[in-house]
Amino acid sequence: MLMLVSGASADEYTGGDTGDALPVDDMRLTFDENFDELDVSAWGPGTRWIAHTPWSGDFGGARFANPGERTPFKTENGILRIEAKRDPEGDWQSGLLASVDPKGNGFAQQYGYFEMRAQLPVGPGVWPAFWLIGKDRSKSTAEIDVMEFYGDKPDGYSSVIHVWHRDDKNDSQFSRIEVFRDADPQDFHTYGVKIDSEFIRMYFDRKLVWKAETRPEHRQPMYVLLNLALVEKTADQAPDPSHMFIDYVRAYDLP
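Not measured: the values here are computed from a predicted model. (Residues numbered from 1 in each chain as written. Predicted model: local features only at pLDDT ≥ 70, side-chain atom pairs only at ≥ 80, totals over all residues. Heavy atoms only, no water.)

**Student:** Is there a simple way to explain the nonpolar core in this structure?
**Tutor:** General note: in soluble globular proteins, nonpolar side chains tend to be found buried as a group. By size, the foremost hydrophobic cluster in this structure holds 49 residues, and its most contacted members are Met-116, Phe-130, Tyr-191, Ile-246 and Val-249. Examining the composition of this core, we find that five residues originate from one element, strand E17 (residues 222-230), more than from any other. Contacts of Phe-130, omitting those with residues within four sequence positions, involve Phe-114, Glu-115, Met-116, Ile-144, Asp-145, Val-146, Met-147, Tyr-191, Val-224, Leu-225, Leu-226 and Val-249. One finds Phe-64, Val-100, Ile-133 and Leu-225 within the second-largest nonpolar core, a separate group that totals twelve residues. (Core = buried A, V, L, I, M, F, W, Y, C linked by side-chain atoms within 4.5 Å. Buried < 20%, exposed > 50% of the residue type's maximum accessible area, 1.4 Å probe, protein only. Helix = DSSP H or I, 4+ residues; strand = E, 2+ residues; numbered from the N terminus. Contact = heavy atoms within 4.5 Å.)

As C-alpha cells, this is what we get:
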C-alpha cells in the first residue's frame, strides 16, 4: 500500500530551527558536473555516470538508451541536452543518468546540498526529474524526488520524500511546488535539496519552498539521478522530440 501524506509548508517548522538559510558560498563543493563533456557508459565501471538506474529498474513510457549511435545525450557549450524521441522502429527512447553503478561505485554523499540547474520541456507525457536514492537498499529504499515535473501540469512540480519498504508498507510525503504561475519551466532554474540529520529542505532558485523532518532511512549516503522520462499512459501524446537541458549538477558539504 502506498500512503501519500502531504508535507508541511516551510513556515510550519520554525521554533529554534535556523537551518533554512542556504549559505552556498560557505559550503565545500564535493561534486561538480558542468557538462563540458559527458563521461557516461551503459553500466560502468569507471565512468562518472551510467545510463540506467543501478538496480536495473528503468521505468516509464520510453526506453532509457545507452550511449552510442542512438545516444539521447548531447553536450554543447557546457549544456547537456537529453532528448526523448521515437527511434527508427517507432519506439520511444530517452535518457537517464545515475552517479553510482550497480556495484556501488561512484558519487554518493551523506547530508549536504544537492542542486541542478535546468530547463524543462512541457506538453503531455513528458516527465523530467532530479532525484536521490540511498545506497543501502537492503531493508528499504530511501528516495528524495527534488523535482518531478509533469508536462501537462505546467503550473508547478512535485517534491516527494519516499521510503519504499521491502514488506510493501510504503509511505511518502509530498508537496506541490506551484512556482510556475509566475516563472517559466522552460527557462533555466535551480532545483535543490539540503539534507541534514533533522530536516530535508527543498529550494527553488535557492529559495526555501518546503521542508520535512529527516527519517532514519535518509540518514545515509545518497546518489544522484536525473532523467527525461515519459509517462507511460500519455507517452504517445508527447512532443516528438522533447528536450531537457541541464547546465550543471553540484553537491556541497554543509558548513
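**Student:** Could you clarify how one ought to interpret the pairing of strand E8 (residues 92-98) in this entry?
**Tutor:** On any regular strand, side chains alternate: one points to one face of the sheet, the next to the other face. Taking burial as the measure, the seven residues of E8 include seven buried ones, the bulk of the element. In this sheet, E8 lies alongside strand E5 (residues 63-64) in parallel orientation, the contact comprising two bridges. Bridge pairing in E8 places Arg-63 opposite Gln-93. Across two bridges, the pairing between strand E7 (residues 79-86) and E8 is antiparallel. Bridged to Arg-86 within E8 is Trp-92. Here E7 hands over to E8 after five residues, with Gly-90 in that stretch at a positive phi of 90°. Both E8 and E17 contribute to a ladder of four bridges, which runs antiparallel. Paired with Ala-98 across the bridge in E17 is Leu-225. (Pairing = 2+ DSSP bridges.)

**Student:** Where do I start with the side chain of Gln-220 in this structure?
**Tutor:** Mapped onto the secondary structure, Gln-220 falls in the loop between strand E16 (207-213) and E17. At 2.8 Å, the side chain of Gln-220 and the backbone nitrogen of Asp-136 are in polar contact. At a separation of 2.9 Å, a polar atom in the side chain of Gln-220 contacts the main-chain carbonyl oxygen of Glu-217. Discounting residues that sit within four places of it in the chain, Gln-220 has contacts with Gln-109, Gln-110, Gly-134, Lys-135, Asp-136 and Ala-142. (Polar contact = N/O pair within 3.5 Å; in protein donor to acceptor, adjacent residues only side chain to side chain.)

**Student:** I would appreciate a short explanation of unusual backbone geometry in the present structure.
**Tutor:** Peptide bonds are mostly trans, and most non-glycine residues show a negative phi. Here the residue pair Gly-44 and Pro-45 is connected by a cis peptide bond, since its omega of 0° sits within 30 degrees of zero. Mapping Pro-45 onto the fold places it in the loop between strand E3 (40-41) and strand E4 (49-50). One non-glycine residue, Phe-35, adopts positive backbone phi at about 60°. Secondary-structure assignment places Phe-35 in the loop between strand E2 (28-33) and E3. In this structure, Asp-205 is a non-glycine residue whose phi angle is positive, near 50°. By secondary structure assignment, the location of Asp-205 is in the loop between strand E15 (199-204) and E16. According to the relative accessible area criterion, Asp-205 is partly exposed, its value standing at 32%.

In short, shape yes, function no, at least from these values alone.
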